[in-house]
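Structure at a glance
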Amino acid sequence: QVQLVESGGGLVQPGGSLRLSCAASGSIFNIYTMAWYRQAPGNQRELVATIRYSGSTNYTDSVKGRFTISRENSKKTVYLQMASLKPEDTAVYYCNVDIKDRTSFRRRDYWGQGTQVTVSS
């Protein structure tokens, strides 16, 4: 069984910074692409950033230049460093990780529990 545990959300003023973390544990053979999504009230869940095992990254246009996704493979952890935060960044942030299970060798996406980020003065 695989678990993803997120941390780092909270309340921050506009222009501030936060760093989210998502750690994977359990029956893991290999981890492939890691990603962050977000969902604001009344909106669909949207892809924010992805990072491949190679380290190559992609970002949605609205966060380019402000957010940085990174990963630490030895710790099975993905991070999202968020800077210059805006009220429109307010959402629940979810990590999504593509994992091959060590026991079954099945590969699928797993989701974190979500962490609230609120940007408000």
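So, here is what we can say about the structure in this document. (Residues numbered from 1 in each chain as written. Predicted model: local features only at pLDDT ≥ 70, side-chain atom pairs only at ≥ 80, totals over all residues. Heavy atoms only, no water.)

Here's the deal with the environment of lysine 86
- For lysine 86, the location among the structural elements is in the loop between β8 (77-82) and β9 (91-101).
- Through-space distance from the C-alpha of lysine 86 to that of aspartate 61 is 14 Å; in sequence the pair is 25 residues apart. (Helix = DSSP H or I, 4+ residues; strand = E, 2+ residues; numbered from the N terminus.)

Let's talk about the pairing of strand β3 (residues 18-26)
- As paired strands, strand β1 (residues 2-7) and β3 are joined by 6 bridges and run antiparallel to one another. Across the sheet, residue valine 5 finds its bridge partner in β3, namely alanine 23.
- Pairing of β3 with β8, which is carried by 6 bridges, proceeds in the antiparallel orientation. Bridge pairing links leucine 20 to leucine 80 in β8. (Pairing = 2+ DSSP bridges.)

A word on the packing of aromatic side chains
- Enumeration according to the criterion identifies 3 aromatic pairs in this entry.
- In this structure an aromatic cluster arises from ring pairing among Tyr37, Tyr94 and Trp111.
- Seen from the ring of tyrosine 94, arginine 45 lies directly overhead, with NZ or CZ sitting 3.7 Å from the centre. (Phe/Tyr/Trp six-rings, centres within 6.5 Å; stacked < 30°, edge-to-face > 60°. Lys NZ or Arg CZ within 6 Å of the ring centre and 35° of its normal.)

In short, shape yes, function no, at least from these values alone.
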